[in-house]
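Tertiary structure, described
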Amino acid sequence: MSFLSMGKNVARNLFEGPATRRYPKEKREYGPGSRGMIGIDIEACIFCGLCSRRCPTGALTVRKDPREWEIDRLRCIFCGYCVEVCPKKCLAMANHYSPGVTVREDAVHMERQAPRPAKEAPPEAKE
Amino acid sequence: MIEEQTTIAVEKDTLLGAVADFYSQGYRLVQICCTALGDVIEINYSFDRDYRFTNLRLTVRPGEEVQSVSIIYWCAFAYENEMKELFGVNIRNIAVDYRGHFYRTAVPTPFVASRKDAGKPADTD
Amino acid sequence: MAQRNIIPFGPQHPVLPEPIHLDLVTEDETVVEAVPSIGFVHRGLEKLVEKKDYQDFVYVAERICGICSFMHGMTYCQAVEEIMGIAVPPRALYLRTVWAELSRVHSHLMWLGLAADAFGFESLFMNCWRLREGVLDIIEATTGGRVIFGSCKIGGVRRDIDDDTMKGIVEKLQAMATEIKRSTDVFLDDYSVQHRLKDVGVIDGEEARRLGTVGPVLRASGIAMDARKIGYAAYRDLKFEPVVEKAGDCYARCRVRVREIFQSIDLIAQAARKMPPGETALKVTGAPEGEFFSRVEQPRGEVIYYVKANGTKNLQRFRVRTPTFANLPAMVRMLKGAGLADVPNIILTVDPCISCIER
């Protein structure tokens, strides 16, 4: 019968402190490769709608006329598919999750592109 | 190609004979599944021994009676109850028959009922 | 005259992590019959394939289960790749193998904690889950998510692991292996653990095979059947033998899973040594046409995916038979003759994953 077979473990538990993080005092550090919330560079977006068609949960809505891009952060599953299919590479993934909300509607985030000058100067209107 | 997979077509009257052959040769029942293809239902019985995979395929019309194989392979009762409830395949003599209470669905035979709208364009809801 | 009672077990129960309902017919305190009842988390994922494009469906397939999630995605990708005749680059196959074995290590450590917790050994539960955090950190650093990897796609994998990171992973796992060995030795050599697990829930090898059992439950009864020997992904080039125990009781099932943790760590080291350089994914266009049965060894046993495609963007039929679904009849057989206090032990050594049973 080995009494002290867990001795090392006991000593470690006594001296090292708790194995869990004291959240929310100590916030978690996410690594660089972690998948997190989606952000967009709205000035580069061409509103093709590819991201909203490919989204597995339908979290993205793209409206071409008022030039709006909307994401429902509570529907997003952080898969990163929209980032991959975007032809202009204007979507990016942060490495932390979106903050919590108390009302469901607060999770919907909308970005609108500033109106561009009209088509009198076509080379300038294109990026 | 990962592995060779053979499929043998059977009829309703030769099904139990083929399954009994597999049982006596020591095959293991892997799974039973069915596919609703418009006006016929295709039932696949899969067997495996020493990593060699064989498949028996039976094609029936909806409502046609199929004999259960759970008298030979007792474990088939789970698959057959599921097929009966989700697809409406008429299987008789299942060893442990749940009589429609395996899944408790709101709509009877949900996997076949709405195959009519399989032709509609996909929506990203 | 013994009194017959029917005791409902689940869907809410302290030892069950997921909802399954069993009606236990008992005579005094011995279970005479058990009738399982499932359907509490049925999400109809097999029907969802009619609405989603076959390339987008990987994300749904991965989320059938949280523990075996990577292998679900891998099996789906494998099935569609075989139908379309895509030759996945070798580096992607090796990466998939590494992630699959990491998935197995984390699943077995989680199972060990839950099984210990089920019969009261809470400190082992906490210890195992602390060790598991090391594995989850590796997974998050390489794939981006702790539990849902999101790294498999049709045609290969989405991310790469460079050689330095691979070396670091192998070293970290080998350091972890000494710690895991210390905890599991204490667990398996302990007198009370053996007293509670030996000769409980015995199932004979031949009967287990007739009942269609798969995975560690079958291997603990003496039958050497491991779906990795079929040779999918990179397993054709790796050397390993199925881990087999003879007794067929709860203790043997525990031993099989503990030995598999060490086998997985060894497989990851082998794969890291042999990994070829190259690209990690191929571009896939077009639509699949045909059918295939894809089999993969998940932590709980052999999963089989039947995928049938008819040339359109949506698959015609998608059928998953998960290992716990195949182990249900064996579980019912094992419960016959068991004492009421042994029911949680038996159920947890079968390692049920209920969200897998009812996709």
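Residues numbered from 1 in each chain as written. Chains lettered and ligands numbered in written order. Predicted model: local features only at pLDDT ≥ 70, side-chain atom pairs only at ≥ 80, totals over all residues. Heavy atoms only, no water.

When you go through chain B residue by residue, the secondary structure sums to three helices and six strands. From first element to last, N terminus to C terminus, chain B shows the α and β order β-α-β-β-β-β-α-β-α. Counting all 125 residues of chain B, 46% fall into the buried class. Intrachain contacts of chain B at a sequence separation of at least 6 include 49% that bridge at least 24 residues. (Helix = DSSP H or I, 4+ residues; strand = E, 2+ residues; numbered from the N terminus. Buried < 20%, exposed > 50% of the residue type's maximum accessible area, 1.4 Å probe, protein only. Contact = heavy atoms within 4.5 Å.)

Attention now moves to the packing of aromatic side chains. The final tally for this structure, using the stated rule, is 21 aromatic pairs over all chains. Arranged with centres 6.4 Å apart and planes meeting at 45°, the rings of C:Phe121 and C:Phe187 form a pair that is tilted. Remark: C:Phe187 occurs in helix H6 (residues 163-189) and C:Phe121 occurs in the loop between helix H4 (90-118) and helix H5 (122-143); sequence separation between them is 66 residues. Taking the relative accessible area as the measure of exposure, C:Phe121 reaches 21% and is therefore partly exposed. Ring pairing ties together the aromatic residues B:Phe22, B:Tyr23, B:Tyr27, B:Phe47 and B:Tyr73, which thus form one cluster. Above the plane of the ring of B:Trp74 lies C:Arg333, whose end atom (NZ or CZ) is 4.7 Å from the centre. (Phe/Tyr/Trp six-rings, centres within 6.5 Å; stacked < 30°, edge-to-face > 60°. Lys NZ or Arg CZ within 6 Å of the ring centre and 35° of its normal.)

So, on to the sheet that holds strand S6 (residues 289-298) of chain C. All names here are of chain C. Pairing is antiparallel in the open sheet, where three strands are placed in the order S6-S7-S8. Edge positions in the sheet fall to S6 and strand S8 (317-321), since each has one partner strand and no second. Across this sheet, the average inter-strand angle for adjacent strands is 10°, counted without regard to direction. Here S6 pairs with strand S7 (residues 301-310) via ten bridges, running antiparallel. Within S7, the residue paired with glutamate 297 across the bridge is glutamate 302. Contacting S6, S7 and S8, helix H3 (residues 69-84) runs over the sheet at an angle of about 150° to S6. (Pairing = 2+ DSSP bridges. Axes fitted to C-alpha atoms, helices over the stretch in contact; angles between N-to-C directions.)

All names here are of chain C. With antiparallel pairing, the three strands of this open sheet are ordered in space as S1-S2-S3. Of all the strands in the sheet, the pair left with one neighbour each is strand S1 (4-9) and strand S3 (30-37). The sheet shows a mean angle of 20° between the axes of neighbouring strands, direction not considered. With seven bridges connecting them, strand S2 (residues 21-27) and S3 associate as antiparallel partners. Counted as the bridge partner of aspartate 23 is valine 35 from S3. Running over the sheet, helix H11 (residues 323-335) touches S2 and S3 and is turned about 160° from S3.

Another aspect to go through is the pairing of strand S2 (residues 60-63) of chain A. Residues and elements named next belong to chain A. Of the two faces of S2, only the one carrying Leu60 and Val62 is buried; Thr61 and Arg63 on the other face are not. Two strands pair when backbone bridges link them, and S2 and strand S3 (residues 68-72) are joined in this way by four bridges, in the antiparallel orientation. By the bridge assignment, valine 62 is partnered in S3 with tryptophan 69. In this structure, the hairpin formed by S2 and S3 is closed by a connection of four residues, where arginine 67 is found at a positive phi of approximately 55°.

Frequently, the measure chosen for interface size is the accessible area removed from exposure when the parts meet. Opposite the 47 residues of chain C that make contact, chain B presents 42 residues. A combined buried area of about 4,100 Å² lies between chain C and chain B, and 54% of that area is made up of carbon and sulfur atoms. Between the two partners, chain C and chain B, sit five salt bridges. C:Glu302 is the salt-bridge partner of B:Arg28, the closest N and O atoms lying 3.3 Å from each other. Seen at the junction of chain C and chain B, the total is 14 residue pairs in polar contact (both at pLDDT 80 or more). Looking at the side of chain C that touches chain B, the elements with two or more residues in it are S3, helix H1 (45-48), H3, helix H8 (205-210), S6, S7, S8 and H11 of chain C. Ranked by residues supplied to the side of chain C that touches chain B, first place goes to H11(C) with five residues. A per-class count over the side of chain C that touches chain B returns 20 nonpolar, eight polar and 19 charged. (Buried area = accessible area lost by both parts, 1.4 Å probe. Salt bridge = Lys/Arg side-chain N within 4 Å of Asp/Glu carboxyl O. Polar contact = N/O pair within 3.5 Å; in protein donor to acceptor, adjacent residues only side chain to side chain. Nonpolar A, V, L, I, M, F, W, Y, C, P; charged D, E, K, R; others polar.)

Bringing the pattern of salt bridges into the picture now. The final tally for this structure, using the stated rule, is 44 salt bridges over all chains. Across the pair C:Arg228 and C:Asp226 runs a salt bridge, and its minimum N-O distance is 3.0 Å. The same class applies to C:Arg228 as to C:Asp226, namely buried. Residue C:Glu302 pairs with C:Arg321 through a salt bridge whose shortest N-O separation is 3.2 Å. Separated by 19 residues along the polypeptide, C:Glu302 in strand S7 and C:Arg321 in strand S8 bring together distant segments of the chain. Taken together, the shared-partner salt bridges in this structure form one network comprising B:Arg28, B:Asp48, C:Arg295, C:Glu302 and C:Arg321.

Attention shifts here to unusual backbone geometry. The amide bond that connects A:Tyr23 to the next residue, A:Pro24, takes the cis arrangement and shows omega of 5°. Tracing the sequence through the fold places A:Pro24 in the loop between helix H1 (7-16) and strand S1 (38-40).

Attention now moves to H3(C). Residue and element names in this part refer to chain C. Taking 1.5 Å per residue, 16 residues should reach 22 Å; H3 reaches 23 Å between its end C-alpha atoms and fits that length. Summarising burial for H3: 14 of the 16 residues are buried, a large majority. At the C-terminal side of H3, glycine 85 shows a positive phi close to 70°. (Expected span 1.5 Å × (residues − 1).)

Counting residues in hydrophobic clusters, the biggest one holds 83 residues, and the most contacted among them are B:Ile32, B:Ile43, B:Tyr45, B:Phe47 and C:Phe187. For B:Ile32, the residues in contact, after removing those within four places along its chain, are B:Ile43, B:Asn44, B:Tyr45, B:Val69, B:Ala76, B:Tyr79, B:Glu80, B:Met83 and C:Arg319. Grouped together as the second largest cluster of nonpolar side chains are 70 residues, C:Phe70, C:Cys77, C:Ala92 and C:Met176 included. (Core = buried A, V, L, I, M, F, W, Y, C linked by side-chain atoms within 4.5 Å.)

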